[in-house]
Amino acid sequence: LTHPGVLLDRNQFQPKTGEALSIRIKPGTGGELTIVVYTASGRIVRRISDIEQVGNTEWLARWDGTNEGGKKVSRGVYLIRIKGAGLMEIVKVVVK
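None of these values were measured; they are calculated from a predicted model. (Residues numbered from 1 in each chain as written. Predicted model: local features only at pLDDT ≥ 70, side-chain atom pairs only at ≥ 80, totals over all residues. Heavy atoms only, no water.)

## Observations regarding the pairing of strand β8 (residues 59-63)
Summarising the sheet, strand β4 (residues 21-25) and β8 pair through five bridges and their orientation is antiparallel. Looking at the pairing, L21 lines up with W63 of β8. Where strand β7 (residues 51-53) hands over to β8, the hairpin turn is made up of five residues, of which G55 adopts a positive phi near 85°. (Pairing = 2+ DSSP bridges. Helix = DSSP H or I, 4+ residues; strand = E, 2+ residues; numbered from the N terminus.)

## Regarding a positive patch on the surface
Positive charge collects at one region of the surface, where K16, K72, R75 and K96 lie side by side. Secondary-structure assignment places K72 in the loop between β8 and β9 (76-84). (Patch = residues over 30% accessible without salt bridge, like charges linked within 9 Å, V, L, I, M, F, W, Y side chains within 5 Å. Areas by Shrake-Rupley, 256 points an atom, 1.4 Å probe, with all protein chains shown as cover. Salt bridge = Lys/Arg side-chain N within 4 Å of Asp/Glu carboxyl O. Lys, Arg positive; Asp, Glu negative; His and termini not counted. Charge placed at Lys NZ, Arg CZ, Asp CG, Glu CD.)

## A look at the packing of aromatic side chains
Throughout the structure, instances matching the rule amount to two aromatic pairs. Seen in terms of ring centroids, F13 and W63 are 5.5 Å apart; in terms of plane orientation they differ by 70°. Their pairing is edge-to-face. Of the two residues, F13 is situated in strand β3 (residues 12-13) and W63 in strand β8; the sequence distance between them amounts to 50 residues. Judged by centre distance (5.7 Å) and plane angle (65°), the ring pair of W63 and Y78 falls under edge-to-face. Of this pair, W63 sits in strand β8 while Y78 is found in strand β9, placing the two residues 15 residues apart along the sequence. Taken as a pair, W63 and Y78 share a single burial class, namely buried. (Phe/Tyr/Trp six-rings, centres within 6.5 Å; stacked < 30°, edge-to-face > 60°. Buried < 20%, exposed > 50% of the residue type's maximum accessible area, 1.4 Å probe, protein only.)

So this is what it looks like as structure tokens:
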């Protein structure tokens, strides 16, 4: 699933089986990135702070399907907001 500047390795995953979601980001400019996972109703589930630079123009983040407390989230639709460095994207992901 692609959005301008954002590439997900899949749009659905099963964290209960150990799967994680990879988020590749190609920012338009330099600067700080923030990645926040929300429920479909807008409640913050997790702030992803571990963002790794891979190459000169790409960043990689992973979401393991856990909330801020480290517990696996329930099945359902989640929104991931990637903001900063010339980007403002919201992508939809299904947790199975």
